[in-house]
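Each chain, letter by letter, is given below.
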Amino acid sequence: MAMEDFKQFMVALSAATALGFVAIIFVLRWVLHYKEGLAWDGGLAEFNWHPVLIVTGFIFLQGIAIIVYRLPWTWQCSKLMMKFIHAGLHLLAFIFAVISMVAVFDFHNTAKIPNMYSLHSWLGLMAVILYGLQFVLGVGMYLIPITPASWRAVFMPIHVYSGLLLFGSVIAVALMGITEKLIFGLSNPKYKDSPPEAIFVNVLGVLLVFFGALILWIATRTSWKRPSDQILHTLHTNGGGEDNTKVGPALSQLSDAADAEACGDVRRRSNKLDDQAN
């Protein structure tokens, strides 16, 4: 990653982080000001945990987990450490999603409302189940040392594609849920009359879309990938990784080192397989 790429990366990362935090503030403002607040009593206040936990965990934390390998200040950490951080963030996002589902089912059962009748509920449950499966397979493939390298190579494109697909799908399902909640929850005035709550929550939806778009952009730029461990070791031994305040110049050195490595073809097989995802 050259200096110019580093500047572009920091702009994209800053914008994504800001949008994510603003979205969390918006969803909290929605349930605390326009709705019944938060509680765990089987009522509407319990249901409100659902959008809060989905936005905070299933969208924001999942997004950060997807791009965590690409944060330059984490490149001094070992690849194994970053795998655990990556998996830990995904696990936390999954826990948030499960709790949000429990809140919905508990509210529905208490209010005698049927479960799983809408397309939003179908796709939402599918997303949680597939996300859990993705997590288990990812841990099995990349955190268990005895997994054959050939298996990792075959699974890597599936792991990357399914992760990005699930992230985009979660945002789409969240937008469906937001719209459904506004249609059912607003009666006087109705959603079609564009009351302040409707406009406010529509803006929340726009924030989620732009947050997701930036995360996908960061995750799919090949020039922003974490360099191989060999390049990072070379940079560190040359003094480039000793001062975190000099990340930008260090990244220019990484770009030159990457070109030299490509010409020499000296990257180790195991690191190459892991780096393809990041």
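About the thresholds
- Residues numbered from 1 in each chain as written.
- Predicted model: local features only at pLDDT ≥ 70, side-chain atom pairs only at ≥ 80, totals over all residues.
- Heavy atoms only, no water.
- Core = buried A, V, L, I, M, F, W, Y, C linked by side-chain atoms within 4.5 Å.
- Buried < 20%, exposed > 50% of the residue type's maximum accessible area, 1.4 Å probe, protein only.
- Helix = DSSP H or I, 4+ residues; strand = E, 2+ residues; numbered from the N terminus.
- Contact = heavy atoms within 4.5 Å.
- pLDDT = per-residue confidence, 0-100.
- Axes fitted to C-alpha atoms, helices over the stretch in contact; angles between N-to-C directions.
- Parallel < 35°, antiparallel > 145°, perpendicular 65-115°, else oblique.
- Left-handed = near helix turned anticlockwise from the far one by under 90°.
- Nonpolar A, V, L, I, M, F, W, Y, C, P; charged D, E, K, R; others polar.
- Polar contact = N/O pair within 3.5 Å; in protein donor to acceptor, adjacent residues only side chain to side chain.
- 1 Å grid on protein atoms, 1.4 Å probe; cavity = no way out; pocket = protein on both sides within 12 Å on 5 of 7 lines; lining within 4 Å.
- Points joined across faces, edges and corners; volume = space filled by probe spheres on them.

Asker: Where do I start with the nonpolar core in this structure?
Answerer: Here is a general trend for soluble globular proteins: nonpolar side chains tend to be buried in one another's company. Counting residues in hydrophobic clusters, the biggest one holds 51 residues, and the most contacted among them are Phe58, Ile59, Leu204, Leu208 and Ile218. Those elements that place two or more of their residues in this core are helix 1 (3-34), helix 3 (49-67), helix 4 (79-111), helix 5 (119-142), helix 6 (149-185) and helix 7 (196-220). By residue number, the principal contributor to this core is helix 3, which donates 11 residues. Residues within four places of Ile59 in sequence aside, it is in contact with Ile54, Phe167, Val170, Ile171, Ala174, Leu208 and Phe211.

Asker: Explain the confidence of the model for the protein chain here, please?
Answerer: Parts of the prediction with low pLDDT should not have their coordinates interpreted in detail. Chain-level pLDDT for the protein chain is 87 on average; 81% of the residues reach the 70-or-more range. Below pLDDT 50 for its whole length, residues 255-267 participates in 13 contacts with residues either more than four positions away or in separate chains.

Asker: I'm lost on the packing of helix 3 against helix 6 in this one. Help?
Answerer: Helix-helix packing: each pair is described by the crossing angle between the helix axes and the interaxial distance. As a packed pair, helix 3 and helix 6 sit with axes 11 Å apart at the nearest point and diverge in direction by 155°. Considered as vectors, helix 3 and helix 6 are oriented roughly antiparallel to each other. Classified by chirality, the crossing of helix 6 by helix 3 is left-handed. For the pair helix 3 and helix 6, contact is made by Ile54, Phe58, Ile59, Gln62, Gly63 and Ile66 and by Gly163, Leu164, Leu166, Phe167, Val170, Ile171 and Ala174, respectively. The residue inventory of the contact of helix 3 with helix 6, partitioned by class, reads 10 nonpolar, 3 polar and no charged.

Asker: Hey, could you run me through the side chain of His120 in this one?
Answerer: As for its placement among the helices and strands, His120 is situated in helix 5. When its relative accessible area of 16% is taken as the criterion, His120 is described as buried. From its side chain, His120 meets the backbone nitrogen of Gly177 in a polar contact 3.3 Å long. Setting aside residues no more than four positions away along its own chain, His120 makes contact with His50, Val173, Met176, Gly177 and Glu180.

Asker: Hey, could you run me through empty space enclosed by the protein in this one?
Answerer: Once rolled over the atoms, a probe with the size of a water molecule shows which space is left empty. Following the criterion strictly, the structure yields 1 cavity of 30 Å³ or more and no others. What the largest cavity holds in volume is close to 30 Å³. Around the largest cavity, the lining residues are Leu19, Gly20, Ala23, Val55, Ile59, Phe60, Leu207, Leu208 and Phe211.

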